[in-house]
Amino acid sequence: MADDPKKGRDRELVSEQEHEVAYLMRTAKVTRQKALEAIRQAGPSREKVMAFLQGK
């Protein structure tokens, strides 16, 4: 759980940290560049990033 309960759960967010980019690369089967682009374009929401990578 997040440090601040008002902000929601950490697992619902994604950042440009190396382990999170690696996770996106593995699960969405994309390059590092595409994973970083998705984070920058879709924002920190993991759901939105995955939708971006799936082309939705």
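Use the structure listed above.
To start, this report covers the structure provided alongside it. (Residues numbered from 1 in each chain as written. Predicted model: local features only at pLDDT ≥ 70, side-chain atom pairs only at ≥ 80, totals over all residues. Heavy atoms only, no water.)

Scanning the protein chain from terminus to terminus reveals three helices and zero strands. Tracing the protein chain from N to C terminus, the helices and strands come up as α-α-α. Of all 56 residues assigned to the protein chain, the portion counted as buried reaches 25%. The long-range share in the protein chain, meaning contacts at least 24 apart out of those at least 6 apart in sequence, stands at 34%. Summing over all exposed atoms, the protein chain offers an accessible surface of approximately 4300 Å²; the carbon and sulfur share of this is 50%. (Helix = DSSP H or I, 4+ residues; strand = E, 2+ residues; numbered from the N terminus. Buried < 20%, exposed > 50% of the residue type's maximum accessible area, 1.4 Å probe, protein only. Contact = heavy atoms within 4.5 Å. Areas by Shrake-Rupley, 256 points an atom, 1.4 Å probe, with all protein chains shown as cover.)

Moving on: the nonpolar core. Counting residues in each nonpolar core, the largest one holds ten residues, listed as Val14, Val21, Leu24, Val30, Ala35, Leu36, Ala38, Ile39, Val49 and Leu53. Counting residues per element, the ones that place at least two in this core are helix H1 (18-28), helix H2 (32-42) and helix H3 (46-53). By residue number, the principal contributor to this core is H2, which donates four residues. Sequence-distant contacts of alanine 38, that is, excluding residues within four places in its chain, are made with Gly43, Val49, Phe52 and Leu53. (Core = buried A, V, L, I, M, F, W, Y, C linked by side-chain atoms within 4.5 Å.)

Bringing the packing of H1 against H2 into the picture now. Taken N-terminus to C-terminus, the directions of H1 and H2 make an angle of 110 degrees; their axes are 9 Å apart at the nearest point. The angle between H1 and H2 falls in the class roughly perpendicular. Mapping the contact onto sequence places Glu18, Val21, Leu24 and Met25 in H1 and Arg32, Ala35, Leu36 and Ile39 in H2. Across the contact of H1 with H2, the residue classes break down as six nonpolar, no polar and two charged. (Axes fitted to C-alpha atoms, helices over the stretch in contact; angles between N-to-C directions. Parallel < 35°, antiparallel > 145°, perpendicular 65-115°, else oblique. Nonpolar A, V, L, I, M, F, W, Y, C, P; charged D, E, K, R; others polar.)

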